[in-house]
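Per-entry structural report
In case you want the letters, here they are:
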Amino acid sequence: MNIFRLSLRNMTSRPLSTTLSLVLLTLGVGMIALLLQVSRHIQEQMENNIREIDMVVGAKGSPLQLILSAVYHIDAPTGNISLQEAEQLQKNRLVESGIPLSYGDSYKGYRIVGTNHQYPALYEATVANGRLWQKSFEVAIGATVAKNLSLKIGDTFTGAHGLAEGGETHEDHAYQIVGILGYSNSVLDQLILTATESVWEVHHHEDHEESAHEDHDESAHEDHEESTHEDHEKSAHEDHEESAHGDHEEEMHEAHDESKEITAMLVKFRNPMAMVQLPRLVNENTNMQAAVPAYEISRLFSLMGVGVDTLSTIALVIMAVSGLSVFISLYNALKDRQYEMALMRTYGATRWQLVWLVLQEGLLLTLAGFLLGILFSRLGLWLVSGLMKASYHYEFSGWAWVPEEGWLLAIALAIGLLASLLPAIRVFRINISKTLADA
Amino acid sequence: MFKTQSLFFTYNQQTAFRFPDIELAAGENLLVLGESGIGKTTLLHLMAGLLRPKSGSVELMGTVLHDLSSARLDSFRGKHIGLVFQRPYFVQALSLQENLALVQFLAGKSRDKNRIKEVLNSLGIGHKLQEKPHRLSQGEQQRAAIALAVINSPQLILADEPTSSLDDKNCSKVAILLKEQASATGAQLIIITHDQRLKDQFQNAITL
């Protein structure tokens, strides 16, 4: 029997108050750690996917939507732009490269993106199996797609119009898998890549029905535009905005052969000067819209930050309450155990041993609460990851320790120390003779 | 060898205590009788080094208690003095065996399970090893308190009203046990009490 074991036994001998303190600590620490982890993962994923994309050019609409759809492939496209116009921009001396993207179809919820080989190169993707596409209707699929749909080289499938599962399928045009990409921990893992021409051919031959277009313009898409684009677009654009999709679909019918279209282009600048000039140039002088991923994403984070801050504050309050609970628990226990303390002193315990006994109880409680909280947060993260995978095909990878969690540990221990300080001082100053005589 | 010399203590100006000198050789017993309020507990606490006298000294085995620093005194008391209180106290969270192991630890001794068993058996509560002390009967609790006092084989056993809450049968049992335990380790035993029933058990008695 030593001081450490005595601390443990004292904790377990009052299970109710110990449990209350632990539950409060677990909640507080768990919530903060979960928030830290989730925002770290989202931020990492988002920043990882921006890579060297300085600017995205697409149809007019919400810039955030353009970024979310073209870079992260989690929102509906804003519409189409003319390939000719995009290529003209590519010739600008400030532009180093531009990668065309054509999307809008999907297979079992995974997006089919028509592009060129520069796109996988952007993410330093490797081909794990087979090769990249060489001609129309050959596809290379992302690692996650291959795994989740159990696809292999040589398999064929037909794409569905729209991005949700169960859209109208393009039965005449079957894609054949010629390659499977290795994991790049980027959006590519979730995509089906093919030649731009494939997408053109599918939609050229398809008889576009009205219902299919409605699928394409999902209602969420419109809400999104109305709520966000005002900040960024001049009101003059609004008319254009509301009719953009209608116009666009008609153009598709009438002018399909004459002018080829793409959905967006990922642009890399030659030098930083371009950041100042090009977005403005595109927005003012063309029918296209330019959006800067870095800017839009930091705006998204600052919007999310309000929620995160609120939750963090609540969690901190819970932690403070847990500190109070630890304090009350120790203080009450001490009142009942005054004689015990005096008794231990008469049997040779020094003041410091008893002070350490009390401090240790507070620290053990908060440490246990911290560990439980971390466990709780990892469990939560695992659940959130599953949810994200189901609805966005996004997965969190890695269970790393974030530096802020070190701070969380320090805060938890500080709370434990603070809560046991007053009881410890009382123990230090205990008058053995008086305590025993008052029995 | 235990010796007190002209012990004097005051809590405030109204209550001052002056105690007669006490001198005991190894293995000797002493009963200190006195009415309530005469300073019995104060004397015991002075002799145990729980209180510092205003003047005078307490000496055990050639060590003057109050010359020691507070921490050294704590450790000296843990090693050489066993205390039995009027009401038995234990560490509530621990079983009887663990209480005894804790007292061994606090005195800086290594854990000795055999000694624990031996002491409990000699007090007739060997079967209560795993029991929580507060679940024992009053007589058993008082015996367990004696076990705490003697577990480290102290040179001096001080008992403060160890029998006042016990019936006649248990009273003489406890007195006999205390004497047995003291003689088993060659300790000096001092019992301070107002309990006249103990008079018959001790030859050596003083009245405050």
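For every chain, the first residue of the written sequence is number 1, and numbering continues from 1 along that sequence. Here every chain gets a letter starting at A, and every ligand a number starting at 1, in the order they are written. In keeping with the predicted nature of the model, local features appear solely for residues at pLDDT of at least 70, side-chain atom pairs appear and are counted solely at 80 or more, and the whole-chain, interface and lining totals rest on all residues. With hydrogens and water stripped out, all remaining heavy atoms of the structure feed into the side-chain values.

An unreviewed UniProt entry annotates chain B as ATP-binding cassette domain-containing protein originating from Agaribacillus aureus.

Per an unreviewed UniProt entry, chain A is named ABC transporter permease, and its organism is Agaribacillus aureus. UniProt positions are given in the numbering used here, feature names are shortened, and annotations may be inferred rather than shown by experiment. Per UniProt, chain A carries the Sequence similarities (unreviewed entry) text "Belongs to the ABC-4 integral membrane protein family."

**Let's talk about the overall build of chain A**
Along the backbone of chain A there are 16 helices and twelve strands. Three labels apply to residues, based on accessible area from a 1.4 Å probe with only protein chains included: buried if under 20% of the type maximum, exposed if over 50%, partly exposed otherwise in between. By residue count, 54% of the 439 residues in chain A fall in the buried class. Contact criterion: two residues are considered in contact whenever any of their non-hydrogen atoms come within 4.5 Å of each other. For chain A, restricting intrachain contacts to residue pairs at least 6 apart in sequence, the fraction spanning at least 24 positions comes to 80%. For chain A, the accessible surface area stands at approximately 20,000 Å², while carbon and sulfur atoms represent 58% of it. In this text, helices come from DSSP runs of H or I with a minimum length of four residues, and strands from runs of E with a minimum of two, each type numbered from the N-terminal end. The Shrake-Rupley method, run with a 1.4 Å probe, gives the accessible areas here. Residue values count only the displayed protein chains as cover.

**Concerning a nonpolar patch on the surface**
All names here are of chain A. Any residue with relative accessible area above 30% and no salt bridge may belong to a patch, with like charges joined within 9 Å and the nonpolar Val, Leu, Ile, Met, Phe, Trp and Tyr side chains within 5 Å. Each reported salt bridge corresponds to a side-chain nitrogen of Lys or Arg within 4 Å of a carboxyl oxygen of Asp or Glu. Together, Leu418, Leu421, Leu422 and Ile425 give the surface a local cluster of nonpolar side chains, amounting to about 380 Å² of exposed area. For Leu422, the position within the fold is in helix 15 (residues 403-428). On the basis of relative accessibility, which here comes to 44%, the residue Leu422 falls in the partly exposed class.

**Examining empty space enclosed by the protein**
Site definitions follow a grid-based scheme: protein atoms alone, a 1 Å grid, a 1.4 Å probe that fits but cannot get out for cavities, and for pockets an open set with protein on both sides within 12 Å along at least five of seven lines, plus lining residues having an atom within 4 Å of a point. Grid points are joined across faces, edges and corners, and a volume is the space filled by probe spheres set on the points. Counted by the stated rule, this structure contains five cavities of 30 Å³ or more. When its volume is computed, the largest cavity comes out at roughly 50 Å³. As for the largest cavity, its lining consists of Leu343, Met344 and Tyr347 of chain A together with Val91, Asn99, Leu102, Val103, Leu106 and Leu148 of chain B. Within the residue set of the lining of the largest cavity, elements represented by two or more residues are helix 13 (338-346) of chain A together with helix 3 (96-106) of chain B. Sort the elements by how many residues they give to the lining of the largest cavity and helix 3 of chain B lands first, with four residues. Note on residue categories: nonpolar means Ala, Val, Leu, Ile, Met, Phe, Trp, Tyr, Cys or Pro, charged means Asp, Glu, Lys or Arg, and polar means any other residue, Gly included. Per-class residue counts for the lining of the largest cavity are eight nonpolar, one polar and no charged.

**Quick look at the pattern of salt bridges**
Side chains that differ in charge, positive against negative, can pair when their charged atoms come close. All told, the structure shown has 19 salt bridges over all chains when counted by the stated rule. Notably, a salt bridge pairs Glu138 of chain A with Arg131 of chain A, separated by 2.9 Å at the nearest N-O pair. In this structure, Arg197 of chain B engages Asp168 of chain B in a salt bridge whose closest nitrogen and oxygen atoms are separated by 2.6 Å. Taken together, the positions of Arg197 of chain B in the loop between strand 9 (188-193) and strand 10 (205-207) and Asp168 of chain B in helix 6 (residues 168-185) put the pair 29 residues apart, joining distant regions of the chain. Take Arg197 of chain B: its relative accessible area is 30%, and that puts it in the partly exposed class. Given the relative accessible area of 55%, Asp168 of chain B is considered exposed. What you see here is one network of salt bridges that share partners, running through Arg14, Arg337, Glu340 and Glu361 of chain A.

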